[in-house]
Amino acid sequence: TSYLISILSLNGRIDSNYGINIPINLRKFLPQSDINFSNTQNTSALIINAFNVDPKTTVRQLSKYLRQDLTTKSNDGTPFSVYKSFLDDSLVFNHKCCCYPELSNLGQIKTNRYDYSQLIPDLWVQTTSTNPSEECVFMLTLSKMKNGQNFLCSRLRQPCSVISDNDANLLMKSFLRMMKVVPVDVSIQEAFDDLRKFQNKIKKDC
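Note that this is a predicted model, so its numbers are computed, not measured.

1. Brief notes about the overall build of the protein chain
- Summing up its helical and strand segments, the protein chain has five helices and five strands in all.
- The linear arrangement of helices and strands in the protein chain, starting from the amino end, is α-β-β-α-α-β-β-β-α-α.
- Looking at the protein chain as a whole, 34% of its 206 residues qualify as buried.
- Pairs at least 24 residues apart make up 66% of the contacts formed inside the protein chain by residues separated by at least 6 positions.
- A total accessible area of about 13,400 Å² is found for the protein chain, and carbon and sulfur atoms account for 51% of it.

2. Notes on the side chain of glutamine 158
- Looking at the secondary structure, you find glutamine 158 in the loop between strand E5 (149–157) and helix H4 (165–180).
- We classify glutamine 158 as buried; its relative accessible area is 14%.
- Side chain to side chain, glutamine 158 and aspartate 165 meet in a polar contact 2.9 Å long.
- Here glutamine 158 is in contact with Val137, Ile163, Ser164, Asp165 and Ala168, once residues within four sequence places are set aside.

3. Concerning helix H1 (residues 2–11)
- Burial within H1 is extensive, with eight of its ten residues counted as buried.
- Among the residues of H1, those classed as buried are Ser2, Tyr3, Leu4, Ile5, Ser6, Ile7, Leu8 and Ser9.
- The positive-phi residue at the C-terminal boundary of H1 is glycine 12, with phi of around 85°.

4. Section: the environment of isoleucine 22
- Within the secondary structure, isoleucine 22 sits in strand E1 (residues 18–25).
- Beyond its immediate chain neighbours, meaning those up to four positions away, isoleucine 22 contacts Ser44, Ala45, Leu46, Ile48 and Leu103.

5. Comments concerning the nonpolar core
- Core analysis: the biggest nonpolar cluster contains 32 residues, and Tyr3, Ile5, Tyr18, Ile48, Leu62, Met178 and Ala191 have the highest contact counts within it.
- Elements with a minimum of two residues in this core: H1, E1, strand E2 (43–50), helix H2 (59–75), strand E4 (136–146), H4 and helix H5 (188–205).
- Here isoleucine 5 is in contact with Val59, Leu62, Met178, Ile188, Ala191, Phe192 and Leu195, once residues within four sequence places are set aside.

6. Observations concerning unusual backbone geometry
- Residues other than glycine seldom take positive phi values, yet asparagine 52 does so here, at roughly 55°.
- Inspection of the secondary structure puts asparagine 52 in the loop between E2 and H2.

Calculation rules
- Residues numbered from 1 in each chain as written.
- Predicted model: local features only at pLDDT ≥ 70, side-chain atom pairs only at ≥ 80, totals over all residues.
- Heavy atoms only, no water.
- Helix = DSSP H or I, 4+ residues; strand = E, 2+ residues; numbered from the N terminus.
- Buried < 20%, exposed > 50% of the residue type's maximum accessible area, 1.4 Å probe, protein only.
- Contact = heavy atoms within 4.5 Å.
- Areas by Shrake-Rupley, 256 points an atom, 1.4 Å probe, with all protein chains shown as cover.
- Polar contact = N/O pair within 3.5 Å; in protein donor to acceptor, adjacent residues only side chain to side chain.
- Core = buried A, V, L, I, M, F, W, Y, C linked by side-chain atoms within 4.5 Å.

Written as structure tokens, this is what we have:
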């Protein structure tokens with residue numbers, strides 16, 4: 001939700017329909033005995049939606065709508081339908097000079113899971129792409145337990161042909177502000193206005 005509202009504020013307008021692409025790990029549908037290191041890239045994707053949302057809707061309510069759609073689509077076979085469209089090349093993205101948001105959450109990573117805490121005191125994860133026609137602005141998130149504290153880490157990757165480094169920097173800073181400062185019980189309009197003022201101040205100070 002923070003990611004989507006940050007994108008809206010960067011675009012300068014509030015929409016009534018919200019959507020985000022979420023990669024799905026298909027290994028969770030396998031029998032536990034079949035999950036091993038030979039299962040690597042077993043990934044599908046879901047487009048999570050919230051339609052006909054009012055600007056007066058709270059950030060918490062929007063989050064709930066998105067979570068409900070994610071839960072429904074995760075359990076009704078949609079990941080396999082999307083995977084099939086990857087195989088038969090029937091999923092087509094035709095929009096030019098724009099990109100869609102994608103969010104991948106790796107979850108919590110504990111460095112002492114296998115008693116390796118002395119060997120792995122810290123970790124870092126990121127992705128790179130050399131494809132100039134990449135069609136998504138990709139947010140990778142994870143949390144890690146370190147010294148008894150849970151740290152949220154995030155990385156943003158964008159196609160420079162669509163989103164400049166300056167705009168990507170604004171997007172990331174807006175996302176962090178939403179996560180840290182903006183209350184979840186304010187309206188989408190209030191969150192949007194806060195981020196617009198925040199972004200304008202950064203532009204002015206540059």
